[in-house]
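Here is what each chain is made of, one letter per residue.
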Amino acid sequence: MKTSRSSLPRGVAIPDHFHAFFSFPQNKGGYSGVAVYTDSRTITPLKAEEGLSGILQPKPPLTSDERISRSYPCPHEMELMPDDQGCTPSDLTALDAEGRALIVDFGLFVLINVYCPNETSDARLPYKMNFHLMLQERIRKLINAGREVVVVGDINICATPLDHCDGHLASNATSFHDHPARAWFHKWLSPIGCMSDAVRTFWPDRKGMYTCWNMKISARETNYGTRVDYILVTPGMIPWIKHGDIQPSLKGSDHCPIYIDLHDEITTDAGETLSLRDILLMDGNKPDPPRLAARRWEEYSGKQTLLSTFFVKGKEMTRDNSFPFLPVLPTPDTQAPIMQAVAAYPDDTAPALRLPPPTQPTLRSRKSTFTSASQPFAPSPNPQPNPTSSSKPVLSFSSGKRKATTDHETKKAPKKLKGGQSKLSAFFGQPSSAPPCSQIHSPDQDADQRDYIDSDYQLALELSASLENLHSRGSLASGMPSASQSKVAWSQLMAPIQLPNCIMHGEPAKEYIVNKPGPNKGKIFFLCSRPVGPGYDKGKGERLREEVDHRYRCNFFKWSKDVRREAKDKSFAS
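Predicted model, so just to flag it, every value in this text is computed and none were measured.

Draft legend 1. Highlighting the packing of helix H2 (residues 125–144) against helix H4 (residues 180–188). Direction vectors running N to C along H2 and H4 enclose 10°, while the axes themselves pass 10 Å from each other. With respect to their mutual orientation, H2 and H4 come out roughly parallel. You can see that H2 and H4 cross each other, and the crossing is left-handed. Taking contact as the criterion, the partners of Leu125, Lys128, Met129, His132, Leu133, Leu135, Gln136 and Ile139 in H2 are, on H4, Pro180, Ala181, Trp184 and Trp188. Classifying every residue of the contact of H2 with H4 gives 9 nonpolar, 2 polar and 1 charged.

Draft legend 2. Just the sheet that holds strand S4 (residues 101–105), in detail. Strand order across the open sheet formed by 6 strands is S3-S4-S5-S6-S10-S7, with mixed pairing between neighbours. In the strand order of this sheet, the two ends are held by strand S3 (47–50) and strand S7 (196–197), each with one partner. Where strand S6 (residues 149–154) and strand S10 (residues 229–233) come together, 5 bridges link them in antiparallel fashion. By the bridge assignment for S10, Asp154 is matched with Asp229. In the packing of H2 onto the sheet, contacts are made with S3, S4, strand S5 (110–115) and S6, and the angle to S5 comes to roughly 180°.

Draft legend 3. Structural view of the packing of aromatic side chains. Taken as a whole and judged by the stated rule, the model has 14 aromatic pairs. Centre to centre, the rings of Phe185 and Tyr230 are 5.2 Å apart; their planes meet at 75°, and the pair counts as edge-to-face. Of this pair, Phe185 sits in helix H4 while Tyr230 is found in strand S10, placing the two residues 45 residues apart along the sequence. Overall, the relative accessible area of 0% leaves Phe185 in the buried class. Given the relative accessible area of 1%, Tyr230 is considered buried.

Draft legend 4. Structural detail: the sheet that holds strand S18 (residues 510–513). Pairing in this open sheet of 3 strands is antiparallel, and the strands run S18-S19-S20 from one edge to the other. Every other strand in the sheet has two partners, leaving S18 and strand S20 (557–559) as the edge strands with one partner each. Each strand axis lies, on average, 30° off the axis of its neighbour in the sheet, ignoring direction. Relative to strand S19 (residues 524–527), S18 runs antiparallel, the two being bridged by 4 bridges. Bridging across to S19, Glu511 finds its partner in Phe526. Along the sheet, helix H12 (residues 560–573) contacts S19 and S20; its crossing angle with S20, the most-contacted strand, is approximately 75°.

Draft legend 5. Molecular detail of the confidence of the model for the chain. Scored by pLDDT, the chain comes out at a mean of 78, with 66% of its residues at no less than 70. Contacts from residues 315–353, a stretch scored under 50 in pLDDT, to residues over four places away or in other chains number 50 contacts. Long-range and interchain partners of residues 358–411, a stretch whose pLDDT sits below 50, account for 70 contacts in this model, where long-range means more than four residues apart.

Draft legend 6. Here's a closer look at the nonpolar core. Ile112, Val151 and Phe185 are the most contacted members of the largest nonpolar core, which totals 34 residues. When contributions to this core are tallied by element, the ones reaching two or more residues are S4, S5, H2, S6, H4 and S10. Per element, the largest residue contribution to this core is 9 residues, and it comes from H2. Filtering out sequence-adjacent residues up to four positions away, Ile112 remains in contact with Leu52, Leu102, Ile103, Leu135, Ile139, Leu142, Val149, Val150, Val151 and Val152.

Draft legend 7. Region of the structure containing unusual backbone geometry. Note the cis peptide between Lys59 and Pro60, where omega equals -5°. Topologically, Pro60 is positioned in the loop between S3 and S4. The peptide bond linking Ser190 to Pro191 adopts the cis configuration, its omega dihedral lying at 10°. Locating Pro191 in the fold gives a position in the loop between H4 and S7. Even without glycine at this site, His17 takes up a positive phi of about 65°. The residue His17 is located in the loop between helix H1 (10–13) and strand S1 (18–23) in this model. Here His17 falls in the partly exposed class, since its relative accessible area comes to 44%. For Ser218, which is not glycine, the phi dihedral falls at a positive 55°. Residue placement: Ser218 occurs in the loop between strand S8 (212–213) and strand S9 (225–226).

Draft legend 8. Expanded view of the side chain of Arg553. Mapped onto the secondary structure, Arg553 falls in the loop between S19 and S20. Among buried Asp, Glu, Lys and Arg side chains, Arg553 stands out as unpaired, with Glu221 the closest opposite charge at 7.7 Å. Here Cys528 takes part through its backbone oxygen, which lies 3.4 Å from a polar atom of the side chain of Arg553. In contact with Arg553, other than residues within four places in its own chain, are Ile217, Tyr512, Leu527, Cys528, Arg530, Pro531, Val532, Tyr536 and Asp537.

Draft legend 9. Broad picture of the side chain of Arg220. Within the secondary structure layout, Arg220 lies in the loop between S8 and S9. Put simply, Arg220 is tucked away with no salt bridge, and the nearest opposite charge, on Asp254, sits 7.3 Å away.

Draft legend 10. Local environment of the pattern of salt bridges. Enumeration according to the criterion identifies 21 salt bridges in this entry. Here Asp39 ties to Arg41 by a salt bridge, and the two come within 3.1 Å at their closest N and O atoms. Take Asp39: its relative accessible area is 21%, and that puts it in the partly exposed class. Ionic pairing is found between Glu49 and Arg138, a salt bridge with its closest N-O pair at 3.3 Å. Remark: Arg138 occurs in helix H2 and Glu49 occurs in strand S3; sequence separation between them is 89 residues. A single burial state applies to Glu49 and to Arg138, both of which are buried. One salt-bridge network, in which partners are shared between bridges, spans Glu77, Glu137, Arg140 and Lys141.

Draft legend 11. Fine view of H4. Three or more residues of H4 are buried, namely Ala181, Trp184, Phe185 and Trp188. Angular distribution of buried residues about the axis of H4 spans 95°; they occupy a single face of the element. Tucked inside the fold, the buried residues of H4 contact H2 and S10.

Definitions and cut-offs
Residues numbered from 1 in each chain as written. Predicted model: local features only at pLDDT ≥ 70, side-chain atom pairs only at ≥ 80, totals over all residues. Heavy atoms only, no water. Axes fitted to C-alpha atoms, helices over the stretch in contact; angles between N-to-C directions. Helix = DSSP H or I, 4+ residues; strand = E, 2+ residues; numbered from the N terminus. Parallel < 35°, antiparallel > 145°, perpendicular 65-115°, else oblique. Left-handed = near helix turned anticlockwise from the far one by under 90°. Contact = heavy atoms within 4.5 Å. Nonpolar A, V, L, I, M, F, W, Y, C, P; charged D, E, K, R; others polar. Pairing = 2+ DSSP bridges. Phe/Tyr/Trp six-rings, centres within 6.5 Å; stacked < 30°, edge-to-face > 60°. Buried < 20%, exposed > 50% of the residue type's maximum accessible area, 1.4 Å probe, protein only. pLDDT = per-residue confidence, 0-100. Core = buried A, V, L, I, M, F, W, Y, C linked by side-chain atoms within 4.5 Å. Lys, Arg positive; Asp, Glu negative; His and termini not counted. Salt bridge = Lys/Arg side-chain N within 4 Å of Asp/Glu carboxyl O. Polar contact = N/O pair within 3.5 Å; in protein donor to acceptor, adjacent residues only side chain to side chain. Arc of directions from axis to C-beta.

What follows is the structure, given as structure tokens:
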């Protein structure tokens, strides 16, 4: 589940009738993550933990009663794989920092949901192997404590050649388990190890039972995939499993769902009948979900103020009776400086204070003035305009620096336009049908203008005639292409690229665009249009020639610039 806690929608975090549990990466948001949903109408988990090492803890940390087990993996008890420098991890913090595991206790069994790392490079192999070893150690300690375990999720390993699309090829079958991850997985599964592949138990010889496909090469069309998603159980859970299968018809991801069904009741070897509802406490009073559940997060429990509440329209502010002339009350930050400035002047020389209204962008549309603080405000029955020649200063307050200016400074004269300069609004006005009265054209000016137009026309005719004479004499035939040649050149330049044919099948290739960051990002290339499949031609270095199946994609590749160059050379040759 590649998301983060901050970007998780509310409907996904706390859906109706479900308890949700999440684990997110600590540093790389959206890089990885796992989730577990349980139907609250049916069952409520008893306990829940994040991670495999026990290091990841909520605030406050889990108590001993809230923990699923008392024992956790320790680095000195495990044979971890060293990195390129020969160093092995001294703690398991880094292995649990990518949000790859959730552990939920249901009583009958402990569910572990994992998203194991992929081997993206050779340097990533030690991290992958050490995560598998930590998973194995945690399950070993749970089994020693007498618990049954169910592991679900993406293990990112193919268990047998039957689980790989190219596993049947001779070059892969002989060395399939030479890879360290496959060798470890082979030893961990039954009959050698303690974990059983629940789905494969019902389909032991089924081919093409893949759960993951490479969407970049459209591998799902021909079922050219791998099986890397599993449901692994300990021996005590095998009698409870009724059926298991994959669901490749459900799309929406590069993986498909897998599932198992449990019996409602079983009969033990001693003849005792056990009911699933009684063991899982599916009836009666349901306890509150564990503290790790998303429903108990601060942002969903009503204990944390959300950012959206600051943008909700609040109650209207009431006006202060002592200042009935103000459109709105000044803010606490500006009220004290304003009153101090008024008190600094005598009663007869109190300046007028100009405050901008809250909804008006200019000060000229509405003005409010302060008189002396000791004088009551009384509107004049005969208001007179304020003379512009007044010598009293006007204090203008803004969000920036406070600056005292005079009235004649605030009312600046409009800027005069230079000669021949037009206003910006003139470019958006509708042109008048008649010329302005200020612009008078004399008959002499109209005659001069007609003469200029006639002279330009005559010059254009002379130039055209001279060019035609030069073309007729052939003097420009070698130095300048003809009009038909220019038209052909431009049409070839602007024409779409004609799809090339692949060499093996002679069929039109398919166009692709490079999306990977780098010097080739955005460039266009062509590949064989046939889908990939078992034995498709990856190239001489990747596939043996005797194992190539020509029914699928060949190794044709060509850049679009090479296709254009070949088309240009072909047109010139013809």
